[in-house]
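Residues per chain, in single letters:
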Amino acid sequence: MSRWPYAFFAAAAFYILVGTNWGLYMSVTHDFTTSPAHAHLNLLGFVSLSIMGAYYALLGRDTPAWMVKANFVLSNLGVVIMIAFLTAIFTGAAPPPVAGPVVALGGVLVIVGFAIFFAAVIRGLVLAGPPARPKLGDLAPA
Ligand code: HEM
């Protein structure tokens with residue numbers, strides 16, 4: 001089997017480790033200013049990458065490698081850029097007029113990653129063809 005599904009799950013596992021520690025830190029300090037960034041790291045980083053990795057491991061095994069790679073690279077770049085600069089805005093480390101466009105760039109990369117995933121799934125659906133119809137003989141008693 002291709003190693004790409006492992007790469008998706010490895011990245012997802014890394015993001016959820018960071019994300020849950022981040023959540024724990026917010027709970028302990030009662031400082032929830034960065035909670036939207038925490039939520040997006042968990043949902044885009046862990047949930048979305050896990051679902052895409054599971055698709056490529058199970059149904060999308062014959063997806064062209066360039067699509068899987070592009071999906072992986074764009075989704076990860078997008079998540080990292082988006083979360084880093086969202087956090088910079090919430091903590092006041094970077095002014096919104098400067099960091100905002102970078103967050104948007106990260107968001108666009110995430111969307112393009114999802115668009116490639118959509119194309120991969122539609123390609124799989126088309127290539128799968130219609131469901132096999134049972135033959136008359138299959139229904140006869142043994
Ligand atoms: C150890 C695990 C986790 C801890 C300790 C934790 C902690 C927190 C805390 C303290 C908040 C802020 C609540 C507030 O603003 O009043 C929060 C918000 C949130 N978390 Fe987590 N979290 C954890 C895991 C997760 C996971 C796995 C997900 C999703 C897959 C998630 C999604 C969210 C969402 C959607 C919000 C709301 C964000 C918002 O309204 O801005 N969290 N979490």
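For the structure, check the block above.
Structural notes, computed from the coordinates. Worth saying up front: this structure is predicted, and the values here are computed from it rather than measured. Along each chain, numbering runs from 1 in the same order as the chain's sequence is written. pLDDT decides what is reported in this predicted model: residues at 70 or higher carry local features, side-chain atom pairs at 80 or more are listed and counted, and totals for whole chains, interfaces and linings draw on all residues regardless.

Neighbouring the ligand are 14 residues, the closest being T20, G23, F32, A39 and N42. Where helices and strands are cited, they refer to DSSP runs of H or I of at least four residues and of E of at least two residues respectively, numbered from the N terminus. For the shell around the ligand, the secondary structure elements donating two or more residues are α1 (4-29) and α2 (35-58). For the shell around the ligand, the element with the highest residue contribution is α2, accounting for eight residues. By the convention adopted, Pro, Cys, Tyr, Trp, Phe, Met, Ile, Leu, Val and Ala count as nonpolar, Lys, Arg, Asp and Glu as charged, and the other residues, Gly among them, as polar. Taken together, the residues that form the shell around the ligand break down as eight nonpolar, six polar and no charged. We call a residue near a molecule or strand if the C-beta atom, set from the backbone, is within 6 Å of it.

Right, let's talk about the packing of α1 against α2 for a bit. Here an axis means a line fitted to C-alpha atoms, over the contact stretch when the element is a helix, while the angle between two N-to-C directions is reported on a 0 to 180 degree scale. Where α1 meets α2, the axes come as close as 8 Å, and the angle between the chain directions of the two elements is 160 degrees. Between α1 and α2, the interaxial angle falls into the category roughly antiparallel. Note on packing geometry: the crossing formed by α1 with α2 is left-handed. Comment on the angle field: the value is read as roughly parallel under 35 degrees, roughly antiparallel over 145, roughly perpendicular from 65 to 115, and oblique elsewhere. Put simply, a crossing is left-handed when the front helix is turned counterclockwise from the back one by less than a right angle, and right-handed when it is turned clockwise.

The subject of this paragraph is unusual backbone geometry. Comment: phi is negative for the bulk of residues other than glycine, and the bulk of peptide bonds are trans. A positive phi angle, near 55 degrees, is found at H30, a position not held by glycine. Locating H30 in the fold gives a position in the loop between α1 and α2.

An ideal rise of 1.5 Å per residue puts 38 Å on 26 residues; α1 measures up with 38 Å between its terminal C-alpha atoms. Exposure classification rests on a simple neighbour count of other C-beta atoms within 10 Å of a residue's own: a residue reaching 20 or more is buried, one at 12 or fewer is exposed, and one in between is partly exposed. C-beta atoms are placed from the backbone. The complete set of buried residues in α1 reads W4, P5, F8, A11, A12, Y15 and G19. Where α1 terminates, the next one or two residues include H30, which has phi positive at roughly 55 degrees. By this rule the span expected of a helix is its residue count minus one, scaled by 1.5 Å.

The subject of this paragraph is the environment of A11. Looking at where A11 falls in the secondary structure, it is placed in helix α1. Separated by 76 residues in the primary sequence, A11 and T87 place their C-alpha atoms 19 Å from one another. C-beta atoms are placed from the backbone for every residue, and two residues are taken to be in contact when these atoms lie within 7 Å. Setting aside residues up to four positions removed in sequence, A11 forms contacts with L49 and N76.

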